[in-house]
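An overview of the molecular structure
One-letter residues, chain by chain:
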Amino acid sequence: MEFDQSLKIAASGLRAQSGRMRIIAENIANADSTARTADGDPYRRKVPTFTSTFDKELGARTVGLGKVERDRSDFKSRYEPGHPAADANGYVKYPNVETLVESVDMREAQRSYEANLNIVTATRRMILRTLDILKA
């Protein structure tokens, strides 16, 4: 495999995982938010997807961030009758975000990002070593 191919493939992975981490961070940031009104819905968890496409120029498959979907699971409810967003029964709807799940997803995305970064670093070292050999 050519050096530029491996760099471009790893770069596509870096971009995809960076986008994934951004979505996860948004989910975590909104985990305790509520609707503005009693009849409104709170933040709905976002789920990133990935696409795999064949790049004819590279002659290889690359990955990208695909459509961001909404998690259709039920919202959490808590009994808080004094809350401004409470319904007639005193329940407040909270987002369908589980911070533990998001933290695990974030760690997985970070590891994937680091793996792609290691590919970039190793490829750069190979390029430098090749140049050193050619100089000699």
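Before reading on, note that the structure itself is shown above.
What counts, and at which threshold
- Residues numbered from 1 in each chain as written.
- Predicted model: local features only at pLDDT ≥ 70, side-chain atom pairs only at ≥ 80, totals over all residues.
- Heavy atoms only, no water.
- Buried < 20%, exposed > 50% of the residue type's maximum accessible area, 1.4 Å probe, protein only.
- Helix = DSSP H or I, 4+ residues; strand = E, 2+ residues; numbered from the N terminus.
- Pairing = 2+ DSSP bridges.
- Salt bridge = Lys/Arg side-chain N within 4 Å of Asp/Glu carboxyl O.

**Observations regarding the pairing of strand β6 (residues 91-94)**
Where burial is concerned, the two faces of β6 differ: the one with Val92 and Tyr94 is buried and the one with Tyr91 and Lys93 is not. Relative to β6, strand β5 (residues 76-79) is paired through four bridges, and the arrangement is antiparallel. What sits directly across from Arg78, in β6, is Val92.

**Remarks on the pattern of salt bridges**
Tallied over the full model, the rule gives eight salt bridges. Measuring nitrogen to oxygen at the nearest pair gives 3.8 Å for the salt bridge that ties Lys8 to Glu57. Remark: Glu57 occurs in the loop between β2 (50-55) and β3 (60-65) and Lys8 occurs in helix α1 (residues 3-29); sequence separation between them is 49 residues. Ionic pairing is found between Asp41 and Lys93, a salt bridge with its closest N-O pair at 2.6 Å. With a gap of 52 residues between them, Asp41 in the loop between α1 and β1 (46-47) and Lys93 in strand β6 connect regions that are remote in the sequence. A relative accessible area of 29% places Lys93 in the partly exposed class. Taken together, the salt bridges that share partners define one network made up of Arg45, Asp71, Glu102 and Asp105.

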